[in-house]
Amino acid sequence: MKPQDRYLPPEVCREVGSVLECIGDKWTILVMRTLDGGSLRFSELRRSISGVSQKMLTATLRALERDGFVTRTVTPTVPARVDYTMTDLGREVMVPINALATWALRNQHRVSAARRSYDAKSARGK
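Residues numbered from 1 in each chain as written. Predicted model: local features only at pLDDT ≥ 70, side-chain atom pairs only at ≥ 80, totals over all residues. Heavy atoms only, no water.

The chain carries the name Helix-turn-helix domain-containing protein in an unreviewed UniProt entry, which gives Archangium lansingense as its organism.

A. Examining the overall build of the chain more closely. Counting its regular elements, the chain contains 5 helices and 3 strands. Radius of gyration (C-alpha) of the chain: 19 Å, far over the 14 Å computed for a compact globule of 126 residues. In terms of overall dimensions, the chain has C-alpha extents of about 60 × 35 × 25 Å along its principal axes. Across the 126 residues of the chain, 22% fall into the buried class. Nonlocal contacts in the chain, meaning residues at least 24 apart in sequence, comprise 48% of its contacts between residues at least 6 apart. (Helix = DSSP H or I, 4+ residues; strand = E, 2+ residues; numbered from the N terminus. Rg over C-alpha atoms; globule rule 2.2 N^0.38 Å. Buried < 20%, exposed > 50% of the residue type's maximum accessible area, 1.4 Å probe, protein only. Contact = heavy atoms within 4.5 Å.)

B. Focus on a nonpolar patch on the surface. A cluster of nonpolar side chains, contributed by Leu8, Val16 and Leu20, occupies part of the molecular surface with about 240 Å² of accessible area. Residue position: Leu8 is located in the segment before α1 (10-23). The partly exposed category is assigned to Leu8, whose relative accessible area is 41%. (Patch = residues over 30% accessible without salt bridge, like charges linked within 9 Å, V, L, I, M, F, W, Y side chains within 5 Å. Areas by Shrake-Rupley, 256 points an atom, 1.4 Å probe, with all protein chains shown as cover. Salt bridge = Lys/Arg side-chain N within 4 Å of Asp/Glu carboxyl O.)

C. Up close: the UniProt feature "domain: HTH hxlR-type" (unreviewed entry) in the chain. Feature annotation in UniProt assigns "domain: HTH hxlR-type" (unreviewed entry) to the following positions: residues 13-112. Span residues 13-112 is 66% helix and 14% strand, its end C-alpha atoms 29 Å apart. (UniProt positions renumbered as here; feature names shortened; annotations may be inferred.)

Dropping the structure here:
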């Protein structure tokens, strides 16, 4: 791809950024990776994702449902049963997310080395 082929008009960049904003969040990735294994209840999700609060998990699931990545199914029992399932769109976006996760794991040492180098230079400059 030539550099001039990579140019995107600002309005397109904003649209892309709007979509990536949701799926780039720490909790979103963890929720989607967890749901990639199949449908789960809210309580199962919360137990599966270490450190997530009920409030944050609720907000993340609502955002994923709004964007069409997850469906929420309520079964009228006492207490109500709420299941979350990845949609086709959600499964489709897992392909680049998994590729990015693989890249991050493969290059984690390089990023850590760059951070240490930067921090050392910054500390000397103070």
